[in-house]
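If you want the building blocks of each chain, they are given just below.
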Amino acid sequence: MHESLEKLKARLAEINDLNMAAALLSWDQHTFMPSGGAPARGRQLATLARISQEKFIDPAVGRLLDDLLPYGQSLPSDSDEASLIRIARRDYELALKVPPQFLAEFNIHIADSYQVWAQARPAGDFSMVRPLLERTLDFSRRYADFFPGYAHIADPLINLSDYGVTVSALRGLFSQLRARLVPMVRTITAQEPADDSCLRLHYPEARQLAFAEEVVRRLGYDFSRGRIDKTRHPFMTKFSLGDVRIATRVREDFLGEALFSTIHEAGHAIYEQGIAQVYEAGPLGEGASSGLHESQSRTWENLVGRSRDFWEYFYPRLQSVFPDQLTAVSPEQFYRAVNRVERSLIRTDADEVTYNLHVMLRFDFELALLEGSMEVADLPEAWRQRFYNDFGMVPEDDRDGVLQDVHWYGGTIGGAFQGYTLGNIMSAQFYEAALGARPEIPSEMRAGMFGGLQVWLTENIYRHGRKFTAGEVVELATGRPLAIDPYIRYLQKKYGELYDLN
Ligand code: ZN
């Protein structure tokens, strides 16, 4: 191996070790840490982040990368070595453009902003966070300005989580999708919603967790390289490719919460567990983008976990775990309950059909704020108006409106939301390609076998890690660029069976 490549890999592995140690501290913070640990934990995380950043933007890394440029270019661009050099260089150049002083100030600001939001939200008081959000907007614009030459001011922010995706491409996709979804939502919500009262009985926690664990084990989540714990906001995290954890939450009065949160996070984890082992501790050893990641959590949660095939296998098992609650509920009633569509205020509770309208509202507002065509002060009223247009209802207060998501209060404005809808669109395109290649997948699922699907996803998506951009993965795996039609076909077929769509 090239000597400089050896040195580069060693340096990057060291930085990765620091980042994974920080991830472990953060996992503990969100699961088991007593509240008294909070101040020190914040400081410890900041220290690790600073050391990791210093080690990475060190000119010595730049020299190694310069040294490796001709070598990387002499190799096939999809080889592991060329990809490692290319992605490391991309990360390095991006990191160099943002001054450490800016990052330090931004992180302090965001910590304040988050604290205030945590009080403003239950109080429903937007005026508390407004000045902080104005500063966040200012920070977000300044961040974008470190990348002059952008076509849209949101592009550099979107690049952080969905590399290579532009506002111009997103506007095209989202406006097509919106044009199809708004009438679909209107037609469905004009009809009687499915009865989901069977999900809203008393379901004891321990049995819910045991069932969710059985489900994700069967879907392919490897417990020898993972574990499940409880938390307030479900998440997936990892400390190495051999330790990819999830955290979930349970509501004893709603069966859907633990089950679908656990499947969703296990979907993220199955993706990470499927990355090629040779990428461990290097820049390729992660999921490719937020959209691609979300496509996988959504595949397992929705396309699989809310399908008839899945429940044909699992419903009798669920009934045996909760006989008092479910013996009298038919499989069809249960299927309809887990696929109930309704107009609702909260994005994270939304069903498959309405979900993307919640995302697009936020995405459009991010663009308007960054462009300067909307003021932070106008957000609450703009939210109510747009919500009324899209959903025919208005949140009673800002708690269920502009204050509901943590994203803008714990990060930048711009780049926070597009990944969710990109993921939904991608999930259907991948799934269609998987079914084309392996038509036996549905009958395997009805027999409780999910390995066929997992193998296809691993071969075509997971194993590549960050070697390709999400857009490249879509083309490689499905033979064409990302488009909304598989997703629309999926929704029409599934919901056309449940509701009258004409
Ligand atoms: Zn997710």
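Scroll up a little and you will see the structure.
Cut-offs and rules
- Residues numbered from 1 in each chain as written.
- Predicted model: local features only at pLDDT ≥ 70, side-chain atom pairs only at ≥ 80, totals over all residues.
- Heavy atoms only, no water.
- Helix = DSSP H or I, 4+ residues; strand = E, 2+ residues; numbered from the N terminus.
- Rg over C-alpha atoms; globule rule 2.2 N^0.38 Å.
- Contact = heavy atoms within 4.5 Å.
- Areas by Shrake-Rupley, 256 points an atom, 1.4 Å probe, with all protein chains shown as cover.
- Lys, Arg positive; Asp, Glu negative; His and termini not counted.
- Charge placed at Lys NZ, Arg CZ, Asp CG, Glu CD.
- Pairing = 2+ DSSP bridges.
- 1 Å grid on protein atoms, 1.4 Å probe; cavity = no way out; pocket = protein on both sides within 12 Å on 5 of 7 lines; lining within 4 Å.
- Points joined across faces, edges and corners; volume = space filled by probe spheres on them.
- Nonpolar A, V, L, I, M, F, W, Y, C, P; charged D, E, K, R; others polar.
- Expected span 1.5 Å × (residues − 1).
- Buried < 20%, exposed > 50% of the residue type's maximum accessible area, 1.4 Å probe, protein only.
- Core = buried A, V, L, I, M, F, W, Y, C linked by side-chain atoms within 4.5 Å.
- Domains from an automatic or database assignment.
- Phe/Tyr/Trp six-rings, centres within 6.5 Å; stacked < 30°, edge-to-face > 60°.
- Donors = N, O, S within 2.8 Å, 3.2 Å for Na, K, Ca; no water.
- Axes fitted to C-alpha atoms, helices over the stretch in contact; angles between N-to-C directions.
- Polar contact = N/O pair within 3.5 Å; in protein donor to acceptor, adjacent residues only side chain to side chain.
- Salt bridge = Lys/Arg side-chain N within 4 Å of Asp/Glu carboxyl O.

## A short note on the overall build of the chain
(1) Moving on: Scanning the chain for helices and strands turns up 21 helices and three strands.
(2) Moving on: Scaling as 2.2 N^0.38, a compact globule of 502 residues should have a C-alpha radius of gyration of about 23 Å, and the chain matches this with 23 Å.
(3) Moving on: Counting only C-alpha atoms and orienting by the principal axes, one finds that the chain spans roughly 70 × 50 × 50 Å.
(4) Moving on: Across the chain, the fraction of contacts at a sequence separation of at least 24, relative to all contacts at a separation of at least 6, is 73%.
(5) Moving on: With an accessible surface of roughly 21,500 Å², the chain has 52% of that area assigned to carbon and sulfur atoms.
(6) Moving on: Of the charged side chains in the chain, 54 are positive and 69 negative, and the gap between their average positions amounts to 1 Å.

## Remarks on the pairing of strand β2 (residues 235-240)
(1) Moving on: As paired elements, β2 and strand β3 (residues 243-248) share five bridges and run antiparallel to each other. Residue pairing across strands places Met236 opposite Ile246, the latter belonging to β3.
(2) Moving on: In sequence, β2 turns back onto β3 through a hairpin of two residues.

## Focus: empty space enclosed by the protein
If a probe the size of a water molecule is rolled over the atoms, the empty space left behind becomes visible.
(1) Moving on: Inspection of the entire model under this criterion finds three cavities of 30 Å³ or more.
(2) Moving on: Estimated volume of the largest cavity: approximately 70 Å³.
(3) Moving on: Of all elements in the fold, only α1 (3-29) and β2 reach the threshold of two or more residues within the lining of the largest cavity.
(4) Moving on: Classifying every residue of the lining of the largest cavity gives four nonpolar, four polar and three charged.
(5) Moving on: By volume, the second largest cavity is sized at about 60 Å³.
(6) Moving on: Taken together, Arg298, Asn302, Leu303, Glu352, Tyr355, Asn424, Ser427, Tyr487 and Tyr490 make up the full set of residues lining the second largest cavity.
(7) Moving on: Those elements that provide at least two residues to the lining of the second largest cavity are α11 (290-304), α17 (418-437) and α21 (485-498).
(8) Moving on: Among the elements that take part in the lining of the second largest cavity, α11 stands out by supplying three residues, more than any other.

## Details of helix α5 (residues 100-123)
(1) Moving on: For α5, spanning 24 residues, the distance from its first C-alpha to its last is 35 Å, which sits close to the expected 34 Å at 1.5 Å a residue.
(2) Moving on: Looking only at α5, the buried set comprises Phe102, Phe106, His109, Ile110, Ser113, Trp117 and Ala120.
(3) Moving on: Residues of α5 that are buried in the fold lie against α6 (126-145).
(4) Moving on: Positive phi appears at Gly124, one or two residues downstream of α5, with a value of about 65 degrees.

## Concerning the nonpolar core
(1) Moving on: Formed by 126 residues in total, the largest nonpolar core has its most connected members in Trp300, Trp311, Phe334 and Trp408.
(2) Moving on: Ranked by residues supplied to this core, first place goes to helix α15 (residues 355-371) with eleven residues.
(3) Moving on: Taken domain by domain, the makeup of this core includes at least three residues from each of domain 1 (3-124) and domain 2 (167-498).
(4) Moving on: Filtering out sequence-adjacent residues up to four positions away, Trp408 remains in contact with Leu133, Thr136, Arg362, Phe365, Glu366, Leu379, Trp383, Val402, Ile413 and Phe417.
(5) Moving on: Of all hydrophobic cores here, the second largest spans 20 residues; its members include Leu5, Ile57, Leu241 and Leu284.

## Focus: the layout of surface pockets
(1) Moving on: The calculated volume of the second largest pocket comes to roughly 510 Å³.
(2) Moving on: Around the second largest pocket, the lining comprises 18 residues; the ones closest to its centre are Asp309, Tyr431, Leu435, Tyr490 and Lys493.
(3) Moving on: Counting residues per element, the ones that place at least two in the lining of the second largest pocket are α12 (308-321), α17, α18 (441-446) and α21.
(4) Moving on: Among the residues forming the lining of the second largest pocket, the class breakdown is nine nonpolar, one polar and eight charged.

## So, the packing of aromatic side chains
(1) Moving on: Following the criterion strictly, the structure yields 30 aromatic pairs and no others.
(2) Moving on: The interplanar angle of 5 degrees and the centroid separation of 6.2 Å between the aromatic rings of Phe102 and Phe106 together place this pair among those described as stacked. Taken together, the residues Phe102 and Phe106, both in helix α5 and four residues apart, mark about one turn of the helix.
(3) Moving on: Given the relative accessible area of 5%, Phe102 is considered buried.

## Looking at the coordination of the zinc ion
(1) Moving on: At this site the zinc ion is bound by His264 (NE2), His268 (NE2) and Glu294 (OE), with donor distances of 2.1 to 2.5 Å.
(2) Moving on: On the primary sequence, the residues serving as donors to the zinc ion are separated as H-x3-H-x25-E. Pair noted here: His264 and His268 are both in helix α10 (residues 255-273), with a separation of four residues, about one helical turn.
(3) Moving on: Look at His264 and you get buried, because its relative accessible area is 11%.

## Points about the side chain of Glu257
(1) Moving on: Its place among the elements puts Glu257 in helix α10.
(2) Moving on: Not counting the four nearest positions on each side in its chain, Glu257 is found in contact with Arg249 and Arg251.

## A closer look at the sheet that holds β3
(1) Moving on: Here three strands make up an open sheet; going across it, the order is β1-β3-β2 and the pairing mixed. Looking at which strands have only one partner, the edges of the open sheet turn out to be β1 (228-230) and β2. Going from strand to strand, the sheet's axes swing by 25 degrees on average, the running direction of each strand aside.

## Here's the deal with the side chain of Ser295
(1) Moving on: Note on placement: Ser295 falls in helix α11.
(2) Moving on: You can call Ser295 buried: its relative accessible area is 0%.
(3) Moving on: A distance of 2.6 Å separates a polar side-chain atom of Ser295 from the backbone oxygen of Leu292.
(4) Moving on: The residues contacting Ser295, other than those within four sequence positions of it, are Gly423, Met426, Ser427 and Phe430.

## Here's the deal with the environment of Glu81
(1) Moving on: Within the secondary structure layout, Glu81 lies in helix α4 (residues 80-97).
(2) Moving on: Relative accessible area serves as the criterion here: at 25%, Glu81 is assigned to the partly exposed category.
(3) Moving on: Residue contacts for Glu81: discarding those within four places in its chain leaves Met1, Leu5, Tyr71 and Leu75.

## Points about the pattern of salt bridges
(1) Moving on: Counted according to the given criterion, the structure contains 45 salt bridges.
(2) Moving on: In this structure, Arg227 engages Asp229 in a salt bridge whose closest nitrogen and oxygen atoms are separated by 2.8 Å.

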